[in-house]
Amino acid sequence: MKKLLMILGVLMLLSSCSTYYYSTLSSSEGVAEKDDFGDFVYENDSVKVVYSFFGYNLPIHITVINNSDQPLYVDWQRSALIIDDVATNYKQNKLTFDGNISANTLNYNRNFSSTDGSFNGSISLPDGVSFIPPKSRTDHTPMTLGDFSFDRIPKKSFTKVKFARENLAPSKINTMRFAEFNSPLKFRSYLTLYSGSLDPEKGKPFVLDQQFYISEVMKSAEIKPEEVYGYSNKRGDFFYYKKTKGSGFGAVMGTIAVCAACIAIDAAIPDAEEY
């Protein structure tokens, strides 16, 4: 009995609980449209720009394709990610960032609730100007957002929605959907491009300004990323975040405490064969 108590105590403290948050992005203002793969695409006769956010912690992945017979330039110094009207230049070599997200939600039962979150981290950014020869492309992942405080969204804000798991029986998952006005995160990508030459008097500068927002968040501790359609199909409008509790220093110290407690129990309670 005493050995069982010790084993159970250690396992309980060492075990960590991970919760996954699966998010879908949408777009409203701007010129890009979502394709069948979830990518956000803008295209004309001279250029094609593709945004994909697939992956962990919302990577910003930008593909620029030169469809023309003239050189094309992307000026990262005059391009930026914009959150809450604060622009983060794509050109800088490295910087740190932090901010807050908030939303007011009118639930189906007409109760009003507030949601707050935060994000922070470091950003590694490309430098200078990208030169794209005719009929070629360039790919950049200039930054990754992350450390979203989705766990601060009130549990009552989620509703159970039927969910089709990849290669498994359907189940229900906690889901919250947003319109643009109450989304927990909205951001814009502002790109400055030049066709033909970087000289404004010779080239043709033009700007692509696209807005994105989180339109859905799904929360689950049981459903792993590989069971989610957006992950297994690498959709460009899908990203995920994992929140882990009960690991690290606190778990180690807790384990020491449990072991000490088990030793005390062992000393106080004799084995059955001692009777």
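Residues numbered from 1 in each chain as written. Predicted model: local features only at pLDDT ≥ 70, side-chain atom pairs only at ≥ 80, totals over all residues. Heavy atoms only, no water.

Enquirer: Which residues make up the overall build of the protein chain, and what values go with them?
Expert: The number of helices and strands found in the protein chain is 3 helices and 18 strands. For the protein chain, contacts bridging at least 24 residues in sequence account for 68% of all contacts bridging at least 6. Of the roughly 15200 Å² of accessible surface on the protein chain, a fraction of 52% belongs to carbon and sulfur atoms. (Helix = DSSP H or I, 4+ residues; strand = E, 2+ residues; numbered from the N terminus. Contact = heavy atoms within 4.5 Å. Areas by Shrake-Rupley, 256 points an atom, 1.4 Å probe, with all protein chains shown as cover.)

Enquirer: Just give me the short version of the side chain of Ser197, but keep the residues and values in it.
Expert: Relative to the assigned elements, Ser197 resides in the loop between β16 (186-195) and β17 (204-220). Among all residues touching Ser197, those that are not within four sequence positions of it are Tyr73, Lys202 and Gly203.

Enquirer: Got a sec to walk through the nonpolar core? Specific residues and values, please.
Expert: Leu58 and Phe187 are the most contacted members of the largest nonpolar core, which totals 38 residues. By residue number, the principal contributor to this core is β17, which donates 4 residues. Once residues lying within four places of it in the same chain are set aside, the contact partners of Leu58 are Leu25, Phe53, Met143, Thr144, Leu145, Phe148, Leu185, Phe187 and Phe239. Judged by nonpolar contacts, the second largest core, of 9 residues, contains Tyr20, Tyr22, Ile223 and Val228. (Core = buried A, V, L, I, M, F, W, Y, C linked by side-chain atoms within 4.5 Å. Buried < 20%, exposed > 50% of the residue type's maximum accessible area, 1.4 Å probe, protein only.)

Enquirer: Describe the packing of aromatic side chains, with residues and values.
Expert: This model, assessed by the stated rule, comprises 22 aromatic pairs. Here Phe40 and Phe212 contribute two aromatic rings whose centre-to-centre distance is 5.1 Å and whose plane-to-plane angle is 75°, an arrangement assigned as edge-to-face. Placement of the pair is Phe40 in strand β3 (residues 40-43) and Phe212 in strand β17, with a sequence separation of 172 residues. A residue is classified by how much of its surface remains accessible, and Phe212, at 0% relative accessible area, is buried. (Phe/Tyr/Trp six-rings, centres within 6.5 Å; stacked < 30°, edge-to-face > 60°.)

Enquirer: Could you give an account of the sheet that holds strand β6 (residues 59-66), with specific residues and numbers?
Expert: Pairing is antiparallel in the open sheet, where 5 strands are placed in the order β2-β3-β4-β6-β13. Only two strands of the sheet have a single neighbouring strand rather than two, namely β2 (33-34) and β13 (137-144). Two strands pair when backbone bridges link them, and β3 and strand β4 (residues 47-52) are joined in this way by 4 bridges, in the antiparallel orientation. By the bridge assignment for β4, Glu43 is matched with Lys48. (Pairing = 2+ DSSP bridges.)

Enquirer: Mind laying out the pattern of salt bridges, listing which residues take part and the relevant values?
Expert: Per the stated rule, a full pass over the model turns up 7 salt bridges. Its salt-bridge partner being Asp209, residue Arg188 comes within 2.7 Å of it at the nearest N-O pair. You can see Arg188 sitting in strand β16 and its partner Asp209 sitting in strand β17, a full 21 residues away along the chain. We classify Asp209 as partly exposed; its relative accessible area is 31%. (Salt bridge = Lys/Arg side-chain N within 4 Å of Asp/Glu carboxyl O.)

Enquirer: Could you give an account of empty space enclosed by the protein, naming the residues involved and the relevant values?
Expert: This model, assessed by the stated rule, comprises 1 cavity of 30 Å³ or more. Counted as a void, the largest cavity has a volume near 30 Å³. Contributing to the lining of the largest cavity are Val31, Ala32, Tyr42, Val49, Tyr51, Leu208, Asp209 and Gln210. Among the elements that make up the lining of the largest cavity, the one with the highest residue count is β17 (3 residues). (1 Å grid on protein atoms, 1.4 Å probe; cavity = no way out; pocket = protein on both sides within 12 Å on 5 of 7 lines; lining within 4 Å. Points joined across faces, edges and corners; volume = space filled by probe spheres on them.)

Enquirer: Give me the confidence of the model for the protein chain: which residues, what numbers.
Expert: Residues of the protein chain with pLDDT of at least 70 account for 70%, and the chain-wide mean is 77. Mean pLDDT values for the elements of the protein chain range from 40 in helix α3 (residues 249-268) up to 97 in β4. Overall, residues 10-14 carries pLDDT values under 50, and its contacts beyond four positions in sequence, including any with other chains, amount to 9 contacts. This model gives residues 93-112 a pLDDT under 50, and the stretch forms 63 contacts once residues within four places in sequence are excluded. (pLDDT = per-residue confidence, 0-100.)

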